[in-house]
Each structure stands twice: as structure tokens, then as C-alpha cells.
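One-letter residues, chain by chain:
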Amino acid sequence: MICDNIRTGKNGHLYFAGQDTVELAAKYKTPLYLMDEDKIREKCRIYLDAFEHFLPEGSRPLYASKACSFKQLYRIMTEMGMGIDVVSPGEIYTAKEAGYDLTGAYFHGNNKTDQDIAYAMDCGVGYFVADNMAEVDAIEEQAAQRSCIQNVLLRITPGIDPHTYDAVSTGKVDSKFGSAIETGQADEITGYTLTKSHIRLCGFHCHVGSQVFEEDVFERVARVMLEFVRDMKERYGFVASQLNLGGGYGVPYIEEDAGLDIAEKIRSVGRVIADSCREMELPLPAVMMEPGRSIVADSGMTLYTAGNVKRIPEYKNYISVDGGMTDNPRYALYRSSYTCFIANRMDEPCDMTATIAGRCCESGDLIQRDVKVPSATTKGDIVAVCTTGAYNFSMASNYNRIPRPAVVMLKDGSSYVAVQRESLEDLCRNDI
Ligand SMILES: *Cc1c(COP(=O)(O)O)cnc(C)c1O
């Protein structure tokens, strides 16, 4: 199995986090997001332990909210002692409502509006990651109005291509994010920011992409960023106290994907940082990373009920489910791979190839093409899609006026609702 929280029970049902998914589907109805709370905590602990052992003092992992954001997740992050990154007033509000201490939050985005900046400052967000010069001006102006000094990091584009898919690749020079080292703009924005009296420049941030598996991307990124830190020290006498390397470690979605040993990866990044700082005579910066997917992806599973099973002789078989691109747009967006099971037929041979289709009025509304399933699969069966904890709930929409599913957390053999299923009334809440 792609993750150790998935197995087949003696009754031929799919078990997730030790619980019978067929029973969970009956209890909470479908479509349904499940989240394995114990797995989320386990993943946080891997990062926290590795940071403590292998990175300089003051280093901290920050959970990237955009992977999945609802109040209960921030309560878990508080309990675990994780920092967070946020990209919108909505994520800030959600964290605040959950009682998360926002002094540990980093505010990202390539186009923060003046209202966004004001809201984040009023909420006491600890760090702003400024994308460009105009944003530095806007932060300075609002901090001056409040007579406060805002901690800021600058988003730098290191010019490294992590060879992941284009839509999630962000570290190349022509990216819409940040200021590139290669064009001299990173240097320029550093000098400019240092002239601002209501900004405390803490260091630099970069994020090169997502679902990164390539061998030494983060080691190379750390090296390039530290060379930039050295150059800024030489040029402006500015010594960065923080280096934020962003998120991006990949997770396996199908059997053929290899897993990553995150602790081992962080250990080797730590070595590069220690060696580079010694060689460049730089003090060790506190190092941040922003894992999103690798914290929550395999803690998630989506359950659907099969509706029509359509066989088009000599062409294709379709299993249509009661959800689709509204709760998981990733196949439609990126052709993402997923492992799918018929949760109540785990002991039957998979002797039929079928495409799992959503219920929306779009031919592109598919969950996965050409999945192997038992040929007896029929209406009423439970279809499980694995590894949906990241970028599913957070990317969900109400297209076709379909209410968003509930999120049910699984913990220590019990379950509870963390986000209620949207109702039809919810859909019309803001309509006049
Ligand atoms: C998307 C993103 C992350 C998280 O990436 P994952 O691949 O989910 O780990 C972290 N930081 C920034 C700035 C991002 O844009």
C-alpha cells in the first residue's frame, strides 16, 4: 500500500487509519473527506525532530496552509508547535479563529492588496514575505501609520528548476513570484528594503516548486541562497538571520512513486548549510521550510458512492461517482495520479479497467483514467481515492452548485466531524 494507514480488513473492506471506510461512508454519507489526525501529527513530528537535530538553532517548520485549511488543523498545529504560512486574509482569519498565535505566521502572496496588508498587520501576523518593491512600499507605509516595525523577508527567485510540472514550478527566473538573483532585482530590493525605517529585514525566502522528488534540489537552493546572503553581507553589511527555503517535498500517489525520507533530506540540507556558512564565514541563520503536501496529503482519503457503471463495448468503462472536480480538481488541472479502490470489494480480483468520472457537466471532470477494479463493481459501491489530504478540500468549489463534502477526522480509533457538509441553504447564503 502507498501509505501504512491503508489496509484490507478480514471482511474485505478497505480500512483507513484503522477504521472501516464502508462503515464511515454509511455513518457520515458521501462524498466525504477523511483525515487521519494521527498521521498529520506523525508528519509534523518528523519535521520537528529533524529540524531540532539537523538545522541551526531557532529553525522551525511552517505548515503551508494552502494545502488544507480549516480551524481544527490550526489547533493541531498549535499543539504540535508548528509555525504556519498563510496567503490570504481568509487563511489568517481561520487560524485566528482557531486561536493560533499569529506571531508564528508568515504571510505570502505575489499580490497582497493594501487591505490584505492592513488586515494582517492588525491581526499581528509575525512575518511578511514581500514579493516586490511596490509591496515593500505598501508595508512600510502601513507600518508607519501604526508606528510599528514589521518583520519582513524578501521572496527571492534563485533560478532553480525543480523539474516538477509547470503549474507548480515557481523558482525559475521568469516566475510570477519574487525577485530574481540573476536579473539583479533581488540585490536591488534588498538595498531598497534596508532604507525603510518601519521594516526589520530578517532574511530571505524562496520556494522553487511542489511535488519535488529530484535528488538535490533543496541542497542546491540552500547553496544559491547562502551565496546571495553572503553577497548582501558584502554589499550592504546586512546579515540575514533567517533563511526560508519554502515547501515542496513530494509524496507518493501511486505504487510506482518512490517515497522520500524527509528526515534524511533535511539532514543533508543541514550539512550543506553548515558547510557553506563555515566556508563563507557567515553566522548560521535560522532555517525555515514550509511543507504543505508532505504534512497532510497521505492523511487524506475521499469516499464516494458509485452511481452509474457504464460499459461502452470495445471502448471504455465508466464508474460515475457522487462527487468529482468540485471536491478534487487535480486530475482536471494537472492530470494528477491517484490510487483508487472499491472499498467494499477489496478481496475481489481487479479484472476490469474503468475510468472514475465525476458528476459535473464537463467531460474533463474525471478523478482518474483507467483504474483496475473488480468487474462486479456496481451502483451503491464505495469508491475510495487515496492521498487526497492536500489540495483537495482547499481547492474545492461549488461548481454546478454542488455543496462541499464534510471533513471527518480519524483519531485513536474514533471519528469526529471537523468541517460540516455544506447544505443547500449554505449555497444561497449570500444570494439576494
Ligand atoms: C505551495 C507553497 C508551499 C507548500 O508547498 P508543498 O508542495 O505543499 O509543500 C510552501 N510555500 C510556498 C510559498 C508555497 O507557495
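Residues numbered from 1 in each chain as written. Predicted model: local features only at pLDDT ≥ 70, side-chain atom pairs only at ≥ 80, totals over all residues. Heavy atoms only, no water.

### Quick notes on the site of the ligand
With respect to spatial proximity, 15 residues lie near the ligand, and among them Lys66, Ser210, Glu290, Arg293 and Tyr391 are the closest. One nitrogen or oxygen atom from the side chain of lysine 66 is found 2.6 Å from an oxygen atom belonging to the ligand. In the environment of the ligand, an oxygen atom lies 2.9 Å from a nitrogen or oxygen atom belonging to the backbone of glycine 292. Taking 390 Å² as the accessible area of the ligand by itself, protein coverage stands at 94%. The residue inventory of the shell around the ligand, partitioned by class, reads 3 nonpolar, 7 polar and 5 charged. (Near = heavy atom within 4 Å. Polar contact = N/O pair within 3.5 Å; in protein donor to acceptor, adjacent residues only side chain to side chain. Areas by Shrake-Rupley, 256 points an atom, 1.4 Å probe, with all protein chains shown as cover. Nonpolar A, V, L, I, M, F, W, Y, C, P; charged D, E, K, R; others polar.)

### Focus on the pattern of salt bridges
With the rule as written, the count across this model stands at 24 salt bridges. In this structure, lysine 112 and glutamate 135 form a salt bridge, with 2.5 Å as the shortest nitrogen-oxygen distance. Of this pair, lysine 112 sits in the loop between β7 (105–107) and α5 (114–123) while glutamate 135 sits in helix α6 (residues 133–145); the two residues are 23 residues apart in sequence, bridging distant segments of the chain. Taken individually, lysine 112 and glutamate 135 each receive the classification buried, so the pair is uniform in this respect. With a shortest N-O distance of 3.0 Å, glutamate 279 and arginine 223 are connected by a salt bridge. Taken together, the residues glutamate 279 in helix α9 (residues 262–280) and arginine 223 in helix α8 (residues 217–236) connect sequence positions 56 residues apart. (Salt bridge = Lys/Arg side-chain N within 4 Å of Asp/Glu carboxyl O. Helix = DSSP H or I, 4+ residues; strand = E, 2+ residues; numbered from the N terminus. Buried < 20%, exposed > 50% of the residue type's maximum accessible area, 1.4 Å probe, protein only.)

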